Every structure is written in C-alpha cells, then in structure tokens.
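# Breakdown of the fold
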2 protein chains.
Amino acid sequence: MQTNNTTEQQIIAAARKIFVQKGLAGARMQDIADEAGINKAMLHYYYRSKDKLFEIVFDEAVSQLLAGVNDIFEKDMPAREKIVAAVEHYITSLNKAPYLPLFVVHEISQNPERILQKFSNTALLPNMRMFLKELAVEMENGTMRKVDPWQLMVSLISMCVFPFVGRPLLQAIFQVNDKAFAKTMEDRKKFITDFVLTSLKP
Amino acid sequence: MQTNNTTEQQIIAAARKIFVQKGLAGARMQDIADEAGINKAMLHYYYRSKDKLFEIVFDEAVSQLLAGVNDIFEKDMPAREKIVAAVEHYITSLNKAPYLPLFVVHEISQNPERILQKFSNTALLPNMRMFLKELAVEMENGTMRKVDPWQLMVSLISMCVFPFVGRPLLQAIFQVNDKAFAKTMEDRKKFITDFVLTSLKP
DNA sequence: GTCTATAGGGTGATAGAC
DNA sequence: GTCTATCACCCTATAGAC
C-alpha cells in the first residue's frame, strides 16, 4: 500500500504490450522486463511465472473485447438502433486497440480450452441471444426482411472486426497506408449501418 | 531423382501442419521431425534452417489463400455474378483449409515486411482493381445502388473469411459445435450473396 | 542420405546479497 | 523490494560416424 502497486502496474502494462505484440510463444520475459524498465527477477517476484502473467493479460483482453457489447444489446431500443449503436461502439473501440482481436483469436486457437471453459460456466452474453430473438420477432412481423439472425449477427461482427484482424494483409493488397486506413475505418461505421439496414428493409 | 524427393515432401507436409498449427515462434524443429517420422538433423540437411523451411510453408500458404480469386475477377461476367462466384469459391476453399487465414494473418503481423515487399514488387491483383472499377461503372449507370466499392470489397472478404479466423471465439460465444459450424458455413454462401445483392439493388 | 552426439546460445526460474 | 549471478533445461544447428 506504499508505492509498490506502481511497479505491479508497470509490469502489467509492459506485459500487455509485449504479449499482445508477440503472443505467448513469441514473447520473452526479458522483453517484458526491458519494456517495464526493471529487472527480470521482479517479474517472477510479483507474478510467479510467465503463464500466470500471460493469463492476467489475456483475461483482461477478452473482457475488453466483449465489454460494452452486452450493454448495448440490453438497452431498450428498436433492433435497428441497436445495430447502429453496436457498430459505432465496436469500431470506435477497436480503433483504440486495433491489435486486440488478432491477439485474442490467435491465443484461443493455440489453446481453445482456455476460453471454452471460461464461457461455458457463465451465463453467457444473454443479451446477445435476446437480441437474436428480437430480430426474429421483427422478421415475423414483417417489419424486417427475413434472414437468418445468426448469420446476420456473424456478418455484423465480421464486417466490424475483420478489417482490424486482416489489416496488414488488406493494406498490402490494396496498398493503403496507416493514415488512410484509420480514416477508412471511421467512414466504415456509416457504410456498414447503411449497407446492413438497406438489406434488411422489408 | 530416385526416391529422395519423397523425404523432402514428407518434411514439407509435416512443416506445413506444425507451422500452421503453432506458428513460427511456437513450432519446434523436433515437432516437425516427429510429425514427418524422421530425424531432426534431416530437416537441416534438406532445408538448412527453420526460417528457410518456414518461408517455404508461408509463401505456399499465401499463394493458396489468394489462388483463384484473381481468376474469378478476370472472367467476363456481370459484377453480380462475380460476387456470387467469389463467395462460392472462397467459402469452399476455406472449408478445406480453415486454419490458413489465421496463420497467414498472424505471421504477417509478426513480420509485416515479409509480405509487403512480396506484394509491392508485383503487378498485384490487377483484376481485383478492375472489378472495383466495374462496380463503380454499374453504380454510375444506376444499375447498382451507390456504395463505396472498396468498403464493399472489404465487407465481402470480411464476411467470408472472418468466421474462419474467429471460429474458436464464435463457437464459444454462440455455443456451436464443429459439425454445426461446418454446415453453417455451407449455408452461409447463400446468405452472403442474397444479403449483399439485396443491399445493392438500385 | 540418415543417424547419434554435441556444441553454442537462449530462456524461465530461483538463490542470495543488499 | 530490488538487484546480480547462476542453475537447469530447451532449442537450433552442425560435426562426424556409418
């Protein structure tokens, strides 16, 4: 409770940067120590092992990635407005942490049990399920064109998230620089909502 | 020219499996040797170093991922039919190699120069650029609703590729098993084309 | 061409002085 | 709490016998 939690936070910040950048297998404890400007032994003093440290960073990343989404679908809004809000929220959020999705997805693929058990034991994203039902009701009422709600949901996530995951590849293919890419993602909010809502017109 | 190229091919096949599964940093030469059922020293005898071996596997993966796409956009077809053909081709192709996109995207993010120079020195996907212009022409003529062709292109790629990249995450969130996922991807072909073409109606 | 043995350098983790 | 020194192991790569 004196000044020590500063060091702990410095370590976490450094670990976050290195792990997200290089992944669990590619990261070195020395890299993290250098980034934090401290000694390698301190990492073990505070966090015992590389795996323990990684787990903290990873869990935090998953939370950050899902944070807010559930809240949006919980609100009392028409389905169309939830779509607009979700796209706005997601792209804004990802523009601030563009490397998170690839990090999380890669580490899950390396160790699927890690997340599967984390999700299967929880009341998982119930609001998202509710949202799928709201879509189904609108389609039944004829206020929205009938499509598979699950496929629609996956498409929304895909259109928002993939450009960040595939960013280096997209920039290479279309020869877009960093500045243009960032601007394009801002424009993309309007594109996605218009594109999707137009397709869903009854 | 006797029976030796068999060993080389065995090595490549093993390296492909291990590298795609674990990535460059996570893969061990011993893993590859075990997978190929040969000795670790043989890997160096045939391919000098881990990096050389990796580069072969990686280049092959990039080619496989882009193969066919250019051809489709080259054909003499209306833009709408090219969209249908591209979605059909991409999802079929990815269903056969579902882990390729994540592998390639992750390794590019670890070493962006690797692919950037590969692309910048080539006449790159000129047919895709041509396709963007075809879309622009149709929109100008009023036979297609006006949207940003680049954003449309990125959306098509996103909707096709992302489900494979985010597969473990999607399955965890929506609690879908492997069998259901595979079927869903087949259904997705029709969903995407209908969804996109509906949105593009003038 | 294929194997065993080993060099040479890194890596996570700990011991122990301060 | 923080550092230096070091252990024990792992990994790539090569040397050398067959």
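Since the model is a prediction, treat every value here as computed from it, not as a measurement.

## Concerning the packing of helix α10 (residues 149–165) of chain B against helix α12 (residues 178–199) of chain B
All names here are of chain B. Two elements in contact, α10 and α12, have axes separated by 10 Å at closest approach and are oriented at 170°. When the interaxial angle is binned, α10 and α12 end up roughly antiparallel. In this structure, α10 uses L152, L156, M159, C160, P163 and F164 to contact α12, whose residues at the interface are F181, M185, R188, I192 and V196. Its residues assigned to classes, the contact of α10 with α12 shows 10 nonpolar, no polar and one charged.

## Some words on the relation of the copies chain B and chain A
Of the two same-sequence chains, chain B is brought onto chain A (RMSD 0.0 Å, axial shift 0.0 Å) by a rotation of 180°. When the rotation and shift are considered jointly, the pair of chain copies conforms to a two-fold rotation axis. Using C-alpha coordinates, one finds that chain B approaches the rotation axis most closely at B:S199, a distance of 2.1 Å. Take the interface residues of chain B: 100% of them recur as interface residues in chain A, which is what a same-surface contact looks like.

## Concerning the pattern of salt bridges
Residues and elements named next belong to chain B. All chains considered together, the criterion is met by 24 salt bridges over all chains. In this structure, the salt-bridge partner of E140 is K146, at a minimum N-O distance of 3.8 Å. Between K183 and D187 there is a salt bridge; the shortest N-O distance is 3.0 Å. Pair noted here: K183 and D187 are both in helix α12, with a separation of four residues, about one helical turn.

## Comments concerning the UniProt feature "DNA-binding region" (unreviewed entry) in chain A
The UniProt record marks residues 28–47 of chain A with the feature "DNA-binding region" (unreviewed entry), using the residue numbering of this structure. With 80% helix and 0% strand, residues 28–47 of chain A has end C-alpha atoms that lie 15 Å from one another.

## Let's talk about unusual backbone geometry
Residues and elements named next belong to chain A. One non-glycine residue, R48, lies in the positive phi region at around 60°. Among the secondary structure elements, R48 is positioned in the loop between α3 (40–47) and α4 (50–66). For R48, a relative accessible area of 66% gives the class exposed.

## Structural notes on the interface of chain B and chain A
Listed as interface residues are 55 residues of chain B and, on the opposing side, 56 residues of chain A. Buried surface at the junction of chain B and chain A, summed over both partners, amounts to about 4,900 Å²; 76% is from carbon and sulfur atoms. Taken as a group, B:W150, B:F174 and B:F195 account for 14% of the area that chain B buries against chain A, more than any other trio of residues on that side. The tally of links between chain B and chain A comes to zero salt bridges. At the boundary of chain B and chain A, one finds 11 residue pairs in polar contact (both at pLDDT 80 or more). Broken down by secondary-structure element, the contributors of at least two residues to the side of chain B that touches chain A are α1 (4–26), α7 (100–110), α8 (112–120), α9 (126–141), α10, α11 (167–174) and α12 of chain B.

## Concerning the nonpolar core
In this structure, A:F19, A:F103, A:F174, B:F19, B:F103 and B:F174 are the most contacted members of the largest nonpolar core, which totals 147 residues. If we ignore the near neighbours within four places in the chain, the residues touching A:F103 are A:F19, A:V20, A:F54, A:V57, A:F58 and A:A61.

## Observations regarding the UniProt feature "domain: HTH tetR-type" (unreviewed entry) in chain A
UniProt marks residues 5–65 of chain A with the feature "domain: HTH tetR-type" (unreviewed entry), using the numbering shown here. Helix makes up 89% of residues 5–65 of chain A and strand 0%, with an end-to-end C-alpha separation of 25 Å.

## Re the domain arrangement of chain A
In many analyses, interface size is given as the accessible surface area lost on bringing the parts together. Residue and element names in this part refer to chain A. One can read the domain layout of chain A as domain 1 (1–48) and domain 2 (59–200). Measuring from the centre of the C-alpha atoms in domain 1 to the corresponding centre in domain 2 gives 31 Å. Tallying the contact residues gives six residues for domain 1 and five residues for domain 2. Summed over both sides, the interface between domain 1 and domain 2 buries roughly 440 Å², with carbon and sulfur atoms accounting for 60% of that surface. Broken down residue by residue, the surface that domain 1 buries against domain 2 is led by R16, V20 and L24, which jointly contribute 78%. Counting across the domain 1 and domain 2 interface gives one salt bridge. The closest approach of N and O atoms between E60 and R16, which form a salt bridge, is 2.6 Å. Remark: the boundary between domain 1 and domain 2 carries two residue pairs in polar contact (both at pLDDT 80 or more).

## Concerning the environment of A:A61
Residue and element names in this part refer to chain A. Tracing the sequence through the fold places A61 in helix α4. Considering only alpha carbons, one finds A61 and L197, 136 residues apart in sequence, at a separation of 30 Å. Residues contacting A61, with those up to four places away along its chain left out, are L100, F103 and V104.

Parameters at a glance
Residues numbered from 1 in each chain as written. Chains lettered and ligands numbered in written order. Predicted model: local features only at pLDDT ≥ 70, side-chain atom pairs only at ≥ 80, totals over all residues. Heavy atoms only, no water. Axes fitted to C-alpha atoms, helices over the stretch in contact; angles between N-to-C directions. Helix = DSSP H or I, 4+ residues; strand = E, 2+ residues; numbered from the N terminus. Parallel < 35°, antiparallel > 145°, perpendicular 65-115°, else oblique. Contact = heavy atoms within 4.5 Å. Nonpolar A, V, L, I, M, F, W, Y, C, P; charged D, E, K, R; others polar. Least-squares fit on C-alpha atoms with pLDDT ≥ 70 in both. Salt bridge = Lys/Arg side-chain N within 4 Å of Asp/Glu carboxyl O. UniProt positions renumbered as here; feature names shortened; annotations may be inferred. Buried < 20%, exposed > 50% of the residue type's maximum accessible area, 1.4 Å probe, protein only. Buried area = accessible area lost by both parts, 1.4 Å probe. Polar contact = N/O pair within 3.5 Å; in protein donor to acceptor, adjacent residues only side chain to side chain. Core = buried A, V, L, I, M, F, W, Y, C linked by side-chain atoms within 4.5 Å. Domains from an automatic or database assignment.

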